[in-house]
Amino acid sequence: MLDVHTIIYITAGVLFVIVLFFLPRLLGIVYIPHTQIGVIEKLWSARGSLKEGRIIARSGEAGFQTSILRGGVHFGLYSWQYRVHKQPLVTVGQGKMGYVYARDGEPLPATQTLGQTIDSNHFQDAAAFLNNRGQRGRQRAILREGVYAINLALFVVITEDKVFSGPLRDDEETKYVQWKTQLDAMRGFQPMVIGSAASGMPVEVEVRTAKASQGAAGNSFPAYGSELLPTDTIGVVSVQDGPTIGSGEIIAPEVKPQEGHPDHDYFQDPEAFLALGGKRGKQLQVLTDGTFFINRWFATVEIKPKTLVPIGYVGVVVSYYGAQGDDLSGEAFRYGEQVEQGQRGVWRHALAPGKYALNPYALKIEYVPTINFVLRWITNETEDHKYDENLASIALITADAYEPTLPLSLVVHIDYQRASSVIQRFGDVKRLIEQTLDPILTAYFRDVAQNSSMLDLLTRREEIQREATVALGARFKEYDINCVAVLIGRPESAAEAGKEDPIERLFDQLRQRRLADESKATYLKQQEAAETLKQFKQAEAAAAKQTELTQSKIDIEVAANRGEAQLAESERLAKRQIALAQGEATSKELIGKGEASRLAQIGLAEAAVTLQKVNAYRDPRLFALNLVAEQFSKSTQPLVPERLFVTGGGGSGEGSDTAGMNSSLVGQLLSLLVSEKSNIGVAAEGVNTDALQAVANQYAAKSAEIDKAAPGTN
């Protein structure tokens, strides 16, 4: 048994505990830790109970009060009148968001899904929220990172880590958990990161989402191994609150800030968005690169790839949104409308290669290749662009009743300036190929086959290709397509089982013909080889006698050299004799000229003396008589000779003196007679001196001429 002291100690302890626990309550003392708040519940009040539909007392009624207790010791809260519910502070993590649900407030109108934003210090002033006509339900405003002292009897706060539902246990507990699950699924507690994973969204998630969006968009173009990166995405926003869009519209127009109104900052300020006239539904405006804290209850965001127009393509824009525009294609073009950018219809100008932040729900991009691309009319073969996946080899019937299938390829090009017209007329490139190019090309080659034999298709391939390129090019021009080249393959036929393929049989005939041509060419080559062998044998025999041939050639060359030397020596001697003869002839000629000149000078001198003598006698007859007298005085003959001889020239032998005298005498008489007859200087009165001077001048000139012709002669 316990002794008395022990019982006293136990009783004292129990009393101490009872006093410690109940005394503060009896005295109205409440302690709130600094990590918590106190939600005050008034058990009774002289002002009565709350009005129907209210759960928060605004004027001191019984029930949960708008004011809360912060950390510390509080007095006057007697347990017989008040109950204080300790609740944790609301904590929103760094870079996260918190969502708020109001249990009390004004009811929402039928056209509103979220409560409007009320200036209540981020829901920490419950009285201001209720007094300013705050609305019950999910709120447009969100909580950013931080710690908040919020009255959890009025507000339910949902964060990524916890649902702060407060002391009130109602039937909506499971709904709060469902909301958190939904927000987790859409990553609603994290901001939207567009084009970058730096602020939360992992790279692999963004890439996966972008790929799925690309497949859903329905816009395809040839892939060249490139992968969409996170920076190649946009955010398409769907607003869940506000007035609805007009009838006939599929997307809400972009709202832009007006004077005196703040911008909605890319849907991060719902009140500003609605004040600017924003409407619910998918928005034309998209989110580009950046981080956006958007209330997912107000607006959801879909990650879509940016519109990528690769090199070698243009993007023709088909707009489902905008005002009705004027048709720019002209009255004659009846295949739809082309409009300016921003209007509804096919935009006139296509997008050049690049990346564009376009809303895929408002605009559709049709990719048109502007480089040369190949279309294959070959069964079970297709290019990466898939434009020709429904094309097959062309079945033909030739003029000689063959039934081949013709595989061919077509190289085409679309002018980028005509790309909008192509889409306007055909809708897309694939429809253009299948509904226009395919029937035109098929009909053309069937016509060619009906006018050609099978052998022509095999042997005139290059010519047929060239003609087809020209003819089809002219036809395709009408549809804004340029035909670059038509390439024909080997015709094929489906041979029946057990029967020979007729095309193969024709090929066998061609091979035999070619073999015959090759055999003929082989025989010609063999003939050339035999001739070459003959020449080789001759060369071989000549090589065997090469020494003798060489010696004989050397002897021939030596004899030829000797003959040439002798000939050269003979020619040299002949030239020497000719030169000597020419020198001797020239010498004799010069000597003769010198002698003639000497005699001429003597004669002229004698003539000049004679003339002077005549001049001295003043009469030639007197001079003649004087000469006669001189001759008679020197003569030994009698005055009257026994014989008289008159001769005209000199003689020799006996009587030469007499003959010379007679000759001289007769010559002088004749000279005088001639002078008198020619009147060269004899006059009745005297001798003409001018005539004598002329004779002297003639004599001097003649002497000079003779000296020039034969210098050194006298």
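Since the structure is predicted, the reported quantities are computational estimates derived from the model, not experimental observations.

S.K.: Help me understand the overall build of the chain, please; the structure alone is not making it clear to me.
M.R.: Along the chain, the regular secondary structure elements total 14 helices and 29 strands. In the chain, once contacts between residues fewer than 6 apart in sequence are set aside, the share between residues at least 24 apart is 72%. If you sum the accessible surface of the chain, you get close to 42000 Å²; carbon and sulfur atoms cover 54% of it.

S.K.: In this structure, what is going on with the packing of aromatic side chains? I would like to understand it.
M.R.: Two descriptors summarise a pair of aromatic rings, namely the distance from one centre to the other and the angle between the planes of the rings. Evaluation of the coordinates by the stated rule reveals 17 aromatic pairs. The structure contains a cluster of three or more aromatic residues connected by ring pairs, namely Tyr99, Tyr101, Tyr176, Trp179, Phe189 and Trp297. Its guanidinium or amino end placed over the ring of Trp179, Arg138 lies 5.4 Å from that ring's centre, counting from NZ or CZ.

S.K.: Can you walk me through the side chain of Lys42 in this structure?
M.R.: You can see Lys42 is positioned in strand S2 (residues 36-42). As a buried residue without a salt bridge, Lys42 has its nearest oppositely charged side chain in Glu61, at a separation of 8.0 Å. Within polar-contact distance, the side chain of Lys42 engages the backbone oxygen of Gly60 at 3.1 Å. With residues near it in sequence (within four places) discarded, Lys42 still touches Gly60, Glu61, Ala62, Gly63, Gln65, Gln81 and Tyr82.

S.K.: Got a minute to help me understand the pairing of strand S25 (residues 373-377) in this structure?
M.R.: Along any regular strand the residues' side chains alternate between the sheet's two faces. Covered by surrounding structure in S25 are Phe373, Leu375 and Trp377 only, the residues Val374 and Arg376 on the alternate face being uncovered. Note that S25 and strand S28 (residues 408-414) share five bridges and pair antiparallel. From the neighbouring strand, Arg376 faces S28, where its bridge partner is Ser409.

S.K.: What is the right way to read the sheet that holds strand S14 (residues 233-239) from this model?
M.R.: The strands that make up a sheet pair up through hydrogen bonds in the backbone, lying either parallel or antiparallel. Taken in spatial order, the three strands of this open sheet run S15-S14-S17, and their pairing is antiparallel. Each end of this open sheet is capped by a strand with a single partner; those strands are strand S15 (281-287) and strand S17 (299-305). Put simply, the sheet's adjacent strands are angled 30 degrees from each other on average, direction ignored.

S.K.: It is not clear to me how a nonpolar patch on the surface should be interpreted in this structure. Could you clarify?
M.R.: Among the surface-exposed residues, Leu43, Trp44, Tyr78 and Trp80 lie close enough to one another that they form a single nonpolar patch of about 420 Å² accessible area. Take Tyr78: it is sitting in the loop between strand S5 (72-74) and strand S6 (82-88).

S.K.: It is not clear to me how the packing of helix H7 (residues 429-450) against helix H9 (residues 461-477) should be interpreted in this structure. Could you clarify?
M.R.: Think of two packed helices as two axes; the pair is described by the angle between the axes and how far apart they sit. Axis separation between H7 and H9 bottoms out at 11 Å; the angle between their running directions is 140 degrees. One finds that H7 runs oblique with respect to H9. For the element pair H7 and H9, the recorded crossing hand is right-handed. Contacts from Leu437, Ile440, Leu441, Tyr444, Phe445 and Val448 in H7 reach Ile464, Glu467, Ala468, Ala471, Leu472, Arg475 and Phe476 in H9.

S.K.: Explain the environment of Tyr367 to me, please; I cannot follow it from the model alone.
M.R.: Here Tyr367 shows up in strand S24 (residues 363-369). Taking the C-alpha atoms as reference points, Tyr367 and Leu308, separated by 59 residues in sequence, lie 9.7 Å from one another. Only 3.3 Å separates the side chain of Tyr367 from the backbone oxygen of Leu308, close enough to count as a polar contact.

S.K.: Before we go on, may I ask you to explain unusual backbone geometry in this structure?
M.R.: Glycine aside, a negative phi is what most residues show, and trans is what most peptide bonds show. You will see that Arg133, though not glycine, has its phi angle at about 65 degrees, which is positive. When you line up the elements, Arg133 lands in the loop between helix H2 (126-131) and strand S9 (137-143). Take Arg133: its relative accessible area is 53%, and that puts it in the exposed class. For Asp480, which is not a glycine, the phi torsion comes out positive at approximately 65 degrees. Position of Asp480 among the secondary structure elements: in the loop between H9 and strand S29 (481-488). For Asp480, a relative accessible area of 15% corresponds to the buried category.

S.K.: Sorry if this is basic, but what is going on with the pattern of salt bridges here?
M.R.: Scanning all chains against the criterion turns up 24 salt bridges. A salt bridge links Asp241 to Arg140; the nearest nitrogen and oxygen atoms lie 2.9 Å apart. Taken as a pair, Asp241 in the loop between S14 and helix H5 (270-275) and Arg140 in strand S9 lie far apart in primary sequence, 101 residues in all. Among the ionic contacts, a cluster of salt bridges with common partners joins Arg140, Asp241, Glu271 and Arg280.

Reading the values: the criteria
- Residues numbered from 1 in each chain as written.
- Predicted model: local features only at pLDDT ≥ 70, side-chain atom pairs only at ≥ 80, totals over all residues.
- Heavy atoms only, no water.
- Helix = DSSP H or I, 4+ residues; strand = E, 2+ residues; numbered from the N terminus.
- Contact = heavy atoms within 4.5 Å.
- Areas by Shrake-Rupley, 256 points an atom, 1.4 Å probe, with all protein chains shown as cover.
- Phe/Tyr/Trp six-rings, centres within 6.5 Å; stacked < 30°, edge-to-face > 60°.
- Lys NZ or Arg CZ within 6 Å of the ring centre and 35° of its normal.
- Buried < 20%, exposed > 50% of the residue type's maximum accessible area, 1.4 Å probe, protein only.
- Lys, Arg positive; Asp, Glu negative; His and termini not counted.
- Salt bridge = Lys/Arg side-chain N within 4 Å of Asp/Glu carboxyl O.
- Polar contact = N/O pair within 3.5 Å; in protein donor to acceptor, adjacent residues only side chain to side chain.
- Pairing = 2+ DSSP bridges.
- Axes fitted to C-alpha atoms, helices over the stretch in contact; angles between N-to-C directions.
- Patch = residues over 30% accessible without salt bridge, like charges linked within 9 Å, V, L, I, M, F, W, Y side chains within 5 Å.
- Parallel < 35°, antiparallel > 145°, perpendicular 65-115°, else oblique.
- Left-handed = near helix turned anticlockwise from the far one by under 90°.

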